[in-house]
Amino acid sequence: MTDVTGASADVLHTLFRSEQGGHEQVVLCQDRASGLKAVIAIHSTALGPALGGTRFYPYANEAEAVADALNLARGMSYKNAMAGLDHGGGKAVIIGDPEQVKTEELLLAYGRMVASLGGRYVTACDVGTYVADMDVVARECRWTTGRSPENGGAGDSSVLTAFGVYQGMRASAQHLWGDPTLRGRKVGIAGVGKVGHHLVRHLLDEGAEVVITDVRPEAVRRVVEAHPSVGQVADTEALIRVEGLDIYAPCALGGALDDDSVAALTAQVVCGAANNQLAHPGVEKDLADRGILYAPDYVVNAGGVIQVADELHGFDFERCRAKAAKIFDTTLAIFARAKEDGIPPAAAADRIAEQRMADARK
């Protein structure tokens, strides 16, 4: 079923249903000359201009792209609120296979679309877009972050993303075991790409035992060659069942925590860099029922957005690192709120973020 515009009725229902939608603005963008088809979703500007990355992906259809933009933008509102940033949440998706259709002309056209919003949305990198792409977009749009250092940007944001996840792990250890040190703890990392391989180094420097897996053999090989003490297993199914695992860190795709994986998980803590780790509502309660402490993904992986947000003020790495270090305190506060309210940490994080946005609207 569609409305008169041809948009899926389900998508429109999500957009205007307050508990899942509540978005301020959704812009459909098209530039026939370059082939650009994009969706820019602004969930909230209560705390400031919406900030979120640009995803370039071959969606099955336009409705799927709109739905993804809506969900991602909403998630960015919560992430930015919990990171203490003066930014609301937004996200953009460009429809198409970046390996096939990404061109300079298309990125410049996209930059003009973002610029037309006059600063209500600030863009950055996401799946399918990279620092070099943001350099091109920035030629048409001043509200672009994630640029190269040569063009006034911060470069690779995965460094501080990994650092923030590490701080989330330390907070989890403090809450559960009464000591933030990870020395002697066994940590399993699923996905050792841009973020995961940095996380390995933080853990080894503190004396943790690390076991890894990745669907790409070359990613595993790079880590093991650099750090011979790191163990490896065949796949995620094997990793979550490793005997004596203290912490499980999903650092690849979303949906890592579902009914089957939670039931099989040996770790006492889940803290990783992947977005949208909970496969469906209710998984957070299943984790709590099993006594597994879950550090909300959008809280602990906020180091990257802290970094790109700082570009707008003239990037300073040490200033960003100090802000990312506060993820330790934020995570502890969430665990305390969860205990006080008798709810899972994911629900506690949502409540804190929602309160900050509500207070800003007053």
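Scroll up for the structure.
1. Digging into the overall build of the protein
Looking only at helices and strands, one finds 16 helices and 11 strands in the protein. In terms of principal-axis extent, the alpha carbons of the protein reach across some 55 × 45 × 40 Å. Counting only residues that meet the buried cut, the protein has 51% of its 362 residues in that class. In the protein, 64% of the contacts between residues at least 6 apart in sequence involve partners at least 24 apart. Of the roughly 15900 Å² of accessible surface on the protein, a fraction of 50% belongs to carbon and sulfur atoms. Side chains of the protein give 35 positive and 47 negative charges; the mean places of these two sets differ by 4 Å.

2. Remarks on the packing of aromatic side chains
Considering all chains together, one arrives at 3 aromatic pairs under this definition. Taking 6.1 Å as the distance between ring centres and 75 degrees as the angle between the ring planes, the aromatic pair formed by tyrosine 78 and tyrosine 298 counts as edge-to-face. Taken together, the positions of tyrosine 78 in helix α2 (residues 62-82) and tyrosine 298 in helix α12 (residues 297-300) put the pair 220 residues apart, joining distant regions of the chain. Judged on exposure class, the residue tyrosine 78 and its partner tyrosine 298 are both buried. Over the ring of tryptophan 177 we find arginine 185; its NZ or CZ atom is 3.7 Å from the centre of that ring.

3. What about the sheet that holds strand β9 (residues 247-250)?
Spatially, 6 strands are ordered β8-β7-β6-β9-β10-β11 in an open sheet, and the strand pairing comes out parallel. Two strands lie at the open edges of the sheet, namely β8 (231-232) and β11 (293-294), each paired on one side alone. Of the strand pairs in this sheet, strand β6 (residues 186-190) and β9 are connected by 4 bridges, and their pairing is parallel. If you follow alanine 190 over to β9, its bridge partner there is proline 250. Against the sheet, helix α7 (residues 196-206) touches β6, β7 (209-213) and β9, its axis set at about 170 degrees to β6.

4. Topic: the packing of helix α6 (residues 158-177) against α7
Relative orientation of the contacting elements α6 and α7 amounts to 45 degrees, with a least axis distance of 8 Å. Taken together, the axis directions place α6 and α7 in an arrangement best described as oblique. In the crossing of α6 with α7, the sense of the turn from one axis to the other is right-handed. Residues Ser158, Val159, Ala162, Phe163, Val165, Tyr166, Met169 and Arg170 of α6 lie in contact with α7, whose contacting residues are His198, Leu199, His202, Leu203 and Glu206. Of the residues belonging to the contact of α6 with α7, the class tally is 8 nonpolar, 3 polar and 2 charged.

5. Observations concerning the nonpolar core
Counting 45 residues, the largest nonpolar core has Met169, Leu182, Ile189, Leu199, Val200, Leu203 and Ile212 as its most contacted members. Contact partners of leucine 199, with chain neighbours within four places excluded, come to Ala162, Val165, Tyr166, Met169, Ile189, Ala249 and Cys251. Within the second largest apolar cluster, 21 residues are counted, among which are Ala38, Ile94, Tyr110 and Val136.

6. Details of unusual backbone geometry
Although it is not a glycine, asparagine 276 sits at a positive phi angle of roughly 50 degrees. Inspection of the secondary structure puts asparagine 276 in the loop between β10 (269-270) and α11 (283-289).

7. Observations regarding the side chain of arginine 55
Following the sequence through the fold, arginine 55 ends up in strand β3 (residues 50-57). A polar contact of 2.6 Å, which involves the side chain of arginine 55, links it to the side chain of aspartate 126.

8. Quick look at the pattern of salt bridges
Summed over the entire model, instances satisfying the criterion amount to 19 salt bridges. We note a salt bridge from glutamate 104 to arginine 139, for which the minimum N-O separation is 2.6 Å. Residue glutamate 104 is located in helix α4 (residues 104-115), and its partner arginine 139 is located in the loop between α5 (131-138) and α6; the two are separated by 35 residues in the primary sequence. Among the residues examined, glutamate 104 registers a relative accessible area of 38% and is labelled partly exposed.

9. Here we look at the state of the cysteines
Note: disulfide means a covalent bond formed between the sulfur atoms of two cysteine side chains. One pass over the structure, following the stated rule, counts 0 disulfides. Among the cysteines around cysteine 320, which has no disulfide bond, cysteine 125 carries the closest sulfur, lying 15 Å off. Looking at cysteine 320, the relative accessible area reads 0%, which means it is buried.

10. Topic: the packing of helix α15 (residues 327-341) against helix α16 (residues 345-361)
At their nearest, the axes of α15 and α16 sit 8 Å apart, and the two run at 105 degrees to each other. In this view, α15 runs roughly perpendicular relative to α16, as classed from their interaxial angle. Contact residues: α15 offers Ile334, Phe335, Arg337, Ala338 and Asp341, while α16 offers Pro345, Ala348, Ala349, Arg351 and Ile352. When the residues that make up the contact of α15 with α16 are grouped by side-chain class, the tally is 7 nonpolar, no polar and 3 charged.

11. A look at the sheet that holds strand β5 (residues 121-125)
Read across the open sheet, the 5 strands follow the order β1-β2-β4-β3-β5; overall the sheet is mixed. The outermost strands of the open sheet, each flanked by one partner alone, are β1 (25-31) and β5. Across the sheet, the mean angle separating the axes of adjacent strands is 25 degrees when strand polarity is ignored. Pairing of β3 with strand β4 (residues 88-95), which is carried by 6 bridges, proceeds in the parallel orientation.

Reading the values: the criteria
- Residues numbered from 1 in each chain as written.
- Predicted model: local features only at pLDDT ≥ 70, side-chain atom pairs only at ≥ 80, totals over all residues.
- Heavy atoms only, no water.
- Helix = DSSP H or I, 4+ residues; strand = E, 2+ residues; numbered from the N terminus.
- Buried < 20%, exposed > 50% of the residue type's maximum accessible area, 1.4 Å probe, protein only.
- Contact = heavy atoms within 4.5 Å.
- Areas by Shrake-Rupley, 256 points an atom, 1.4 Å probe, with all protein chains shown as cover.
- Lys, Arg positive; Asp, Glu negative; His and termini not counted.
- Charge placed at Lys NZ, Arg CZ, Asp CG, Glu CD.
- Phe/Tyr/Trp six-rings, centres within 6.5 Å; stacked < 30°, edge-to-face > 60°.
- Lys NZ or Arg CZ within 6 Å of the ring centre and 35° of its normal.
- Pairing = 2+ DSSP bridges.
- Axes fitted to C-alpha atoms, helices over the stretch in contact; angles between N-to-C directions.
- Parallel < 35°, antiparallel > 145°, perpendicular 65-115°, else oblique.
- Left-handed = near helix turned anticlockwise from the far one by under 90°.
- Nonpolar A, V, L, I, M, F, W, Y, C, P; charged D, E, K, R; others polar.
- Core = buried A, V, L, I, M, F, W, Y, C linked by side-chain atoms within 4.5 Å.
- Polar contact = N/O pair within 3.5 Å; in protein donor to acceptor, adjacent residues only side chain to side chain.
- Salt bridge = Lys/Arg side-chain N within 4 Å of Asp/Glu carboxyl O.
- Disulfide = S-S within 2.5 Å.

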